[in-house]
Amino acid sequence: EVQLKESGPGLVQPSQTLSLTCTVSGFSLTDYSVHWVRQPPGKGLEWMGVMWSGGSTAYNSALKSRLSISRDTSKSQVFLKMNSLQTEDTAIYYCTRDSIYNNYFDYWGQGVMVTVSS
Amino acid sequence: DIQMTQSPASLSASLGETVTIECLASEDIYDILAWYQQKPGKSPQLLIYDASSLHTGVPSRFSGSGSGTQYSLKINSLQPEDFASYYCQNGLSAPRTFGAGTKLELK
């Protein structure tokens, strides 16, 4: 069974760094790409970036200077790090699996709520 | 970057009605478009991929169409569980931009 689960701190102070982990099961990170998507409260979905199955990454240009995505294939984990957090980064953060054709997201994690506040 | 313009932002409809949501891409995305449904407090769920292919388990009252830059999601005979938010997404290339969403509410 395919599963993705996000984990990380629920509260981050302004200007600090957010670190999230997406732990996957039921598939290999070397076969499927994993994306990060976030959703501020009451707002729409924002694509953040991707760890491609081949090991390269791509980022939303609006976040690129602050965002880093990496992985540990042996642990089936994908990591998101974003620095200089501000209140507008308060959101639910999701990891999601790309289809084998890399053109739609077929499985999503439950999401983790991150609040940026002092 | 490909921009996705979705309309309307909100929609009020009655049970049994048929509704259509539109999505306009800023350039040709060659039918590589997905639609997602999101219910309050839940993760988005894939409905349709490649513009018109129904994902496994999705009821046949949902259908997608379109080509080039213009796409639509149609829901026939609205059921109580269909009242949710819907998003289109560019699947052609990164950044994999989403439309701003459509909130479908019960009239």
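Since the model is a prediction, treat every value here as computed from it, not as a measurement.

### Some remarks on the interface of chain B and chain A
Residue-level contacts link 20 residues of chain B with 22 residues of chain A. Here chain B packs against chain A, burying approximately 1,500 Å² in sum over the two surfaces, 60% of which is carbon and sulfur. Taken as a group, B:Pro44, B:Arg96 and B:Phe98 account for 36% of the area that chain B buries against chain A, more than any other trio of residues on that side. Seen at the junction of chain B and chain A, the total is 1 salt bridge. Of the charged contacts, one joins A:Asp98 and B:Arg96 as a salt bridge, the two residues approaching to 2.9 Å between their closest N and O atoms. If you look at where chain B meets chain A, you find 8 residue pairs in polar contact (both at pLDDT 80 or more). Sorting the residues of the side of chain B that touches chain A by element identifies strand 4 (33–38), strand 5 (45–49) and strand 9 (85–90) of chain B as the ones contributing at least two each. Counting residues per element, the side of chain B that touches chain A draws most heavily on strand 4 of chain B, at 3 residues.

### Considerations on the environment of B:Trp35
Residue and element names in this part refer to chain B. Note on placement: Trp35 falls in strand 4. Owing to a relative accessible area of 0%, Trp35 belongs among the buried residues under this scheme. Separated by 63 residues in sequence, Trp35 and Phe98 have C-alpha atoms that sit 9.3 Å apart.

### Digging into the nonpolar core
A:Trp36 and A:Tyr93 are the most contacted members of the largest nonpolar core, which totals 28 residues. Secondary-structure elements contributing two or more residues to this core are strand 3 (18–25), strand 4 (34–39), strand 5 (46–51), strand 7 (67–72), strand 8 (77–82), strand 9 (91–98) and strand 11 (112–116) of chain A. By size, the runner-up hydrophobic cluster in this structure holds 25 residues, among which are B:Ile2, B:Leu11, B:Leu47 and B:Val58.

### Looking at the pattern of salt bridges
Residues and elements named next belong to chain A. Within the structure shown, the criterion is met by 8 salt bridges over all chains. The salt bridge partner of Asp89 is Arg66, with a shortest N-O separation of 2.9 Å. Of this pair, Asp89 sits in the loop between strand 8 and strand 9 while Arg66 sits in the loop between strand 6 (57–59) and strand 7, placing them 23 residues apart in sequence. Note on Asp89: relative accessible area 1%, which makes it buried. Asp106 is the partner of Arg97 in a salt bridge, and the nearest nitrogen-oxygen pair spans 2.8 Å. By sharing partners, the salt bridges in this structure join Arg38, Glu46, Arg66 and Asp89 into a single network.

### Observations concerning the packing of aromatic side chains
Evaluated as defined, the whole model comprises 9 aromatic pairs over all chains. Here the aromatic rings of A:Phe105 and B:Phe98 are separated by 6.3 Å at their centres, their planes lie at 65°, and the arrangement is edge-to-face. Of this pair, A:Phe105 sits in strand 10 (residues 105–108) while B:Phe98 sits in the loop between strand 9 and strand 10 (102–106), which puts the two residues in different chains. Like A:Phe105, the residue B:Phe98 is buried in the burial classification. Among the aromatic side chains, those forming a connected cluster through ring pairs are A:Tyr94, A:Phe105, A:Trp108, B:Tyr36 and B:Phe98. A:Arg97 extends its terminal NZ or CZ atom over the ring of A:Phe27, reaching a point 5.0 Å from the ring centre. Note that A:Arg97 overlies the ring of A:Tyr32, its terminal NZ or CZ placed 3.8 Å from the centroid.

Definitions and limits used
Residues numbered from 1 in each chain as written. Chains lettered and ligands numbered in written order. Predicted model: local features only at pLDDT ≥ 70, side-chain atom pairs only at ≥ 80, totals over all residues. Heavy atoms only, no water. Contact = heavy atoms within 4.5 Å. Buried area = accessible area lost by both parts, 1.4 Å probe. Salt bridge = Lys/Arg side-chain N within 4 Å of Asp/Glu carboxyl O. Polar contact = N/O pair within 3.5 Å; in protein donor to acceptor, adjacent residues only side chain to side chain. Helix = DSSP H or I, 4+ residues; strand = E, 2+ residues; numbered from the N terminus. Buried < 20%, exposed > 50% of the residue type's maximum accessible area, 1.4 Å probe, protein only. Core = buried A, V, L, I, M, F, W, Y, C linked by side-chain atoms within 4.5 Å. Phe/Tyr/Trp six-rings, centres within 6.5 Å; stacked < 30°, edge-to-face > 60°. Lys NZ or Arg CZ within 6 Å of the ring centre and 35° of its normal.

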